[in-house]
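Here is what each chain is made of, one letter per residue.
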Amino acid sequence: MSLTLSFPADWKAQVLTGPPLIAPARQFTYPRAVAGEEEALARGAMYATVKPATGGEFLATCARGFADASLPNGIWSCPRPQEICLVSGGYACVVDTAAPEQALLVPQRPVTEVLVSVEAGLLLFAGFHTVVAYGAGGVAWQTKKLTWEGMTGLRVEGATLHGVGWDMMADKEVPFVVDLKTGEHIGGGFKG
């Protein structure tokens, strides 16, 4: 599990190896109720202690979205310094550390990769077909379908996201480019 601080953060956090023996008084479980996911904690969880700039430390228990070891797990700083992004088994939650009861479950499930564009001020959440961008104002955009199944070679270059997606009709990988300002794309394996 990693801690990625690409944006300035006014909090400190530590990923724990399991639930603490002595937990802080404030404890929050993420994500909040998701229909059909009432037993998400049964798949496991990521535990982290978070110390905001103001207010007391709290324990964040992040339910594992999927039990696939290839999915991302860790903590990322966000474009807004008081927010923290907690990712566990492909579920990504953005939490306001000044008000940890306020959290957003990123509308990408599962998140297969997290990329950062400091230049564009975005966290990028890639899935099997689309990419969701999160900026200082919340969810900035979501791409249209880029591929029939899976994206590879994702990389941020300046104001664009580059990658490759599978075109089922041609049975080949096709490159695509996403404009990080708008979420509009050129290319890709899905034409429909």
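Our subject is the structure that appears above.
Residues numbered from 1 in each chain as written. Predicted model: local features only at pLDDT ≥ 70, side-chain atom pairs only at ≥ 80, totals over all residues. Heavy atoms only, no water.

Draft legend 1. Molecular detail of the environment of Asp171. Within the secondary structure layout, Asp171 lies in the loop between β15 (160-167) and β16 (172-179). Residues Asp171 and Gly189, 18 residues apart in the sequence, show an inter-C-alpha distance of 9.2 Å. (Helix = DSSP H or I, 4+ residues; strand = E, 2+ residues; numbered from the N terminus.)

Draft legend 2. Up close: the sheet that holds strand β1 (residues 2-4). Read across the open sheet, the five strands follow the order β1-β6-β7-β8-β9; overall the sheet is mixed. Every interior strand has two partners, whereas the edge strands, β1 and β9 (103-105), have only one. The average undirected angle you get between the axes of adjacent strands in this sheet is 20 degrees. Examined bridge by bridge, β1 and strand β6 (residues 74-77) share three bridges and lie parallel to one another. Considered in β6, the bridge of Thr4 is made with Trp76. (Pairing = 2+ DSSP bridges. Axes fitted to C-alpha atoms, helices over the stretch in contact; angles between N-to-C directions.)

Draft legend 3. Quick look at the packing of aromatic side chains. Across all of its chains, the model carries four aromatic pairs by this definition. With centroids separated by 5.6 Å and ring planes inclined at 90 degrees, the aromatic side chains of Phe28 and Phe58 adopt a geometry described as edge-to-face. In this pair, Phe28 sits in strand β3 (residues 26-30) while Phe58 sits in strand β5 (residues 58-63), placing the two residues 30 residues apart along the sequence. Exposure class is identical for Phe28 and Phe58. Each is buried. Consider the rings of Phe66 and Tyr91, whose centres lie 5.9 Å apart with planes at 90 degrees: the pair is edge-to-face. Here the residue Phe66 occupies a position in the loop between β5 and β6, and Tyr91 occupies one in strand β8 (residues 91-96), the gap between them amounting to 25 residues. Residue Phe66 is classed as partly exposed on the basis of its relative accessible area, which comes to 32%. For Tyr91, a relative accessible area of 4% gives the class buried. (Phe/Tyr/Trp six-rings, centres within 6.5 Å; stacked < 30°, edge-to-face > 60°. Buried < 20%, exposed > 50% of the residue type's maximum accessible area, 1.4 Å probe, protein only.)

Keep in mind these values describe shape, not function.
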